[in-house]
Amino acid sequence: MGTKGAMDKPLLPPFPHLYQIALTLMVGVASALLCRWLHTPIPWMLGPLLGVAACSIGGMPTRSANLLRNVGQWIIGAALGLYFTAEVGHLVVSLWWAIVLGIVWALALGFGFGLWLHRRSAADLSDLSPRDLRATTYFAGAIGGASEMALLADRNHARTDLVAASHSLRLVLVVVCLPFGMQWFQSHWGLQVDSTLLPGPRVLQWPGIVYLALATSAGAVFMQAIKRNNPWFMGPLLVAMGLTLNGVNWSAVSSEMSNMAQLFIGISLGVRFKREFVRTAPKWLLSVAMGTMAMILASVGFGWCMALGTGLHPATLILGTSPGGIAEMAITAKVLELGAPVVTAFQVCRLVAVLLIVGPLYRWVAKEEEQNAA
């Protein structure tokens, strides 16, 4: 029995997840270096995202560590907070009306996206009750807060797998399409960089970087303790923002640290695309893709119109009002120097508004539809 037991022992080490994480990191780094060689935009996020996603769909046992994702969000949040100098703070406050319009736009865009998914998927999801179908398409269409939307969908008896798939595919399509679009725009038209929208501290300094790391990590731990959304992004962002607004410039975040953070975030996006993901409701994924591309085009037009009213560059407003995620759109703005603080302000305010409004709005919509049906 002892011999048989020894032979039956798995060949993998006691902690196989560590090896899967290491393998995934190697794929991510190789993909990032390939994208750098190809001169793609934001290679340290797009490369890992696409490379890891391809390997995941191909059956490789890829895995992302929550710790590394949190570190990535922490670094990016701290780096973005350094952009909020006093001058930038005044600019953002003066744009309050544009930010409100951006929030309304996001809510309307998400509501319309949900209606599109409902119309396209009603026949294929006939096993769901009318209310469950409405909840599924409504929360799948909401712009922002993917994990929170999946949680709300579960509470309202929706198909959480379809909701999660919708948000994952929408986010990846936006992250891939917009940077390439911005790169094309930059090569053909040029992008005038406003020096007032660059970060305050621009040089890594010791021991300032240690002070910044301790302060921003404390912000992340505090946000996690009070159970706020995206604590490892929002906590460091708010702390670094507060320090910079008050003229405390301990240190910049180095490009190497920023690249590492993008690598971790890109991998965390790529591992969502398992082989089962592609096999799940192909027509649903096609509808999500079509709707997302339409939203991207609509947001380009809306951002361009907003630029006419604010005097900011259209690229900044397009990223600020696009249906992407905070970290991803802010990274794009940061790397391409397209007004990262303005993009961050738009995206953060939108996320907060969506998280506060989407749930109550659904209850009102569902009640109205039930009354009309009766």
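Right above here is the structure, for reference.
Residues numbered from 1 in each chain as written. Predicted model: local features only at pLDDT ≥ 70, side-chain atom pairs only at ≥ 80, totals over all residues. Heavy atoms only, no water.

> So what exactly am I meant to see when it comes to the environment of Ile 103 here?
Examined against the element boundaries, Ile 103 turns out to sit in helix α6 (residues 96-121). Separated by 244 residues in the primary sequence, Ile 103 and Gln 347 place their C-alpha atoms 8.8 Å from one another. Leaving out residues up to four positions away in the same chain, Ile 103 has contacts with Cys 349, Arg 350 and Ala 353. (Helix = DSSP H or I, 4+ residues; strand = E, 2+ residues; numbered from the N terminus. Contact = heavy atoms within 4.5 Å.)

> Sorry if this is basic, but what is going on with the packing of aromatic side chains here?
Each aromatic ring pair is described using two quantities: the centre-to-centre distance and the angle formed by the ring planes. Considering all chains together, one arrives at seven aromatic pairs under this definition. Judged by centre distance (6.4 Å) and plane angle (80°), the ring pair of Phe 111 and Tyr 138 falls under edge-to-face. One end of the pair, Phe 111, is in helix α6; the other, Tyr 138, is in helix α7 (residues 130-141), with 27 residues separating them in the sequence. With a centroid separation of 5.0 Å and 90° between ring planes, the pair formed by Tyr 138 and Phe 139 is classed as edge-to-face. Its relative accessible area of 5% is what places Tyr 138 among the buried residues. Taken together, Phe 111, Tyr 138, Phe 139 and Tyr 362 form an aromatic cluster joined through their ring pairs. (Phe/Tyr/Trp six-rings, centres within 6.5 Å; stacked < 30°, edge-to-face > 60°. Buried < 20%, exposed > 50% of the residue type's maximum accessible area, 1.4 Å probe, protein only.)

> What's the story with unusual backbone geometry in this structure? I'm lost.
Keep in mind that most residues, glycine aside, have a negative phi and that most peptide bonds are trans. A positive phi angle is found at Ile 42, which is not glycine, with a value near 30°. The exposure class assigned to Ile 42 is buried, which follows from its relative accessible area of 1%. Backbone geometry places His 157, a non-glycine residue, at a positive phi of 60°. Along the chain, His 157 turns up in the loop between α8 (146-155) and α9 (160-188).

> Explain the environment of Pro 207 to me, please; I cannot follow it from the model alone.
With respect to the helices, strands and loops of the structure, Pro 207 is situated in the loop between α9 and α10 (208-225). Considered as a pair, Pro 207 and Trp 250 are 43 residues apart in the sequence and their alpha carbons are 8.0 Å apart.

> Could you clarify how one ought to interpret the nonpolar core in this entry?
Across soluble globular proteins, nonpolar side chains show a tendency to be buried alongside one another. Counting 93 residues, the largest nonpolar core has Leu 80, Phe 139, Phe 233, Leu 237, Trp 284, Leu 319 and Val 358 as its most contacted members. With 12 residues, helix α17 (residues 340-373) is the largest single contributor of residues to this core. In contact with Phe 139, other than residues within four places in its own chain, are Met 149, Leu 152, Ala 153, Asn 156, Val 163, His 167, Val 358 and Tyr 362. With eight residues, the next largest nonpolar core counts Val 27, Ala 32, Trp 44 and Val 52 among its residues. (Core = buried A, V, L, I, M, F, W, Y, C linked by side-chain atoms within 4.5 Å.)

> Help me understand the packing of helix α4 (residues 66-81) against helix α11 (residues 231-245), please; the structure alone is not making it clear to me.
In a packed pair of helices, the relevant descriptors are the angle between the two axes and the axis-to-axis distance. Where α4 contacts α11, the axes come no closer than 7 Å and their chain directions differ by 25°. Put simply, α4 runs roughly parallel to α11. For the pair α4 and α11, the crossing hand works out as right-handed. Judged by residue contacts, Asn 70, Gln 73, Trp 74, Ile 76, Gly 77, Ala 78, Leu 80 and Gly 81 of α4 engage Trp 232, Phe 233, Pro 236, Leu 237, Ala 240, Met 241 and Thr 244 from α11. In the contact of α4 with α11, the residues fall into 10 nonpolar, five polar and no charged. (Axes fitted to C-alpha atoms, helices over the stretch in contact; angles between N-to-C directions. Parallel < 35°, antiparallel > 145°, perpendicular 65-115°, else oblique. Left-handed = near helix turned anticlockwise from the far one by under 90°. Nonpolar A, V, L, I, M, F, W, Y, C, P; charged D, E, K, R; others polar.)

Geometric values such as these leave the question of function open.
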